[in-house]
Amino acid sequence: MTIIAKDVGIVMDEARLSLFPAPLSSVAEQVFTAALGAGFARVDDGNIVKMWEYFGVPSVMDQGSEEEAKEKAKELAVEAGPEAKKVLVVGLGVMGLPMATSLVKAGVKVVGYDISLKTLDAFNAAGGKTTSDVLAEAKDADVVLLATVSSAHAESVLFGADGKSGIAQGESEFD
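A quick note: this is a predicted structure, and the numbers were derived from the prediction, not measured.

Student: I would appreciate a short explanation of the overall build of the protein in the present structure.
Tutor: When you go through the protein residue by residue, the secondary structure sums to 8 helices and 4 strands. Of the regular secondary structure in the protein, the N- to C-terminal order runs α-α-α-α-β-α-β-α-β-α-β-α. By residue count, 30% of the 175 residues in the protein fall in the buried class. The contacts of the protein with a sequence gap of at least 6 include a subset with a gap of at least 24, amounting to 41%. For the protein, the accessible surface area stands at approximately 11500 Å², while carbon and sulfur atoms represent 60% of it.

Structural data, given as structure tokens:
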């Protein structure tokens, strides 16, 4: 747990220095800090679920089988139906590509963007659609997922190089 706690701490330090909000990383930081406080420093980070059990949450293993989880995922994909929301994933690297591919498999319309032709090809091969025009795709996307390498890349997508021409242009919450 100490390695992941250290790494997410570095991410949060950079986010704070850049004044970049990272709410999910903040939550992850708190979860791993709690795990360290609970005495799980030497436990493999893949066993983070044991930390919840330590605090009295029923074991995940008692919650159902892997087959039941797969069946539930299929039900959720069917519920989404053909009118499933459009998701634009910006950044198809080690985090973005698996997330985007999972969404495609669940029946969600996903458009991906990345600067790497190799990852664009990989996403196309997985059944996804790719774009070179993030601004156009963002206009009719219901969700934009930023999986960029740095806060500078995220700011560039959101606000553009000039601070006004990114996908957040004209959005009152960013004015």
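Still more ground to cover, so stick around.
Student: I keep staring at the packing of helix α5 (residues 96-105) against helix α6 (residues 117-125) and nothing clicks. Help me out?
Tutor: Two packed helices can be described by the angle between their axes and the distance between those axes. Closest axis-to-axis distance for the α5/α6 pair is 10 Å, and the angle between their directions is 20 degrees. Judged by the angle between their axes, α5 and α6 are roughly parallel. As for the relative orientation of α5 and α6, their crossing is right-handed in sense. For the pair α5 and α6, contact is made by L97, A100, T101 and V104 and by T119, A122 and F123, respectively. Class assignment for the residues of the contact of α5 with α6 results in 5 nonpolar, 2 polar and no charged.

Student: Quick question: what am I supposed to make of a nonpolar patch on the surface here?
Tutor: Taken together, the side chains of V94, M95 and M99 define a hydrophobic patch exposed on the protein surface, amounting to about 330 Å² of accessible area. Summarising the element assignment, M95 is placed in the loop between β1 (86-90) and α5.

Student: Mind showing me how you'd approach helix α8 (residues 151-159) here?
Tutor: Because an α-helix packs 3.6 residues into every turn, residues spaced three or four apart end up facing the same way. All buried positions along α8 are accounted for by S151, A154, V157 and L158. Projected down its long axis, α8 shows its buried positions confined to an angular sector of 120 degrees, all on one face. In this fold, the buried residues of α8 make contact with β1, α7 (134-139) and β4 (143-146). Of the residues trailing α8, G160 is marked for its positive phi of about 80 degrees.

Student: Please explain helix α2 (residues 23-37) as it appears in this structure.
Tutor: Taking 1.5 Å as the rise per residue, α2 with 15 residues should run 21 Å; its terminal C-alpha atoms sit 21 Å apart, in good agreement. Those residues of α2 that fall on the buried side of the exposure criterion are E29, V31, F32 and A35. For α2, the angular spread of buried residues about the axis comes to 165 degrees, placing them on one side. In α2, the exposed positions angled more than 90 degrees off the buried face are occupied by P23, Q30 and G37. On its buried face, α2 sits against α1 (2-17) and α3 (49-54).

Calculation criteria
Residues numbered from 1 in each chain as written. Predicted model: local features only at pLDDT ≥ 70, side-chain atom pairs only at ≥ 80, totals over all residues. Heavy atoms only, no water. Helix = DSSP H or I, 4+ residues; strand = E, 2+ residues; numbered from the N terminus. Buried < 20%, exposed > 50% of the residue type's maximum accessible area, 1.4 Å probe, protein only. Contact = heavy atoms within 4.5 Å. Areas by Shrake-Rupley, 256 points an atom, 1.4 Å probe, with all protein chains shown as cover. Axes fitted to C-alpha atoms, helices over the stretch in contact; angles between N-to-C directions. Parallel < 35°, antiparallel > 145°, perpendicular 65-115°, else oblique. Left-handed = near helix turned anticlockwise from the far one by under 90°. Nonpolar A, V, L, I, M, F, W, Y, C, P; charged D, E, K, R; others polar. Patch = residues over 30% accessible without salt bridge, like charges linked within 9 Å, V, L, I, M, F, W, Y side chains within 5 Å. Salt bridge = Lys/Arg side-chain N within 4 Å of Asp/Glu carboxyl O. Arc of directions from axis to C-beta. Expected span 1.5 Å × (residues − 1).

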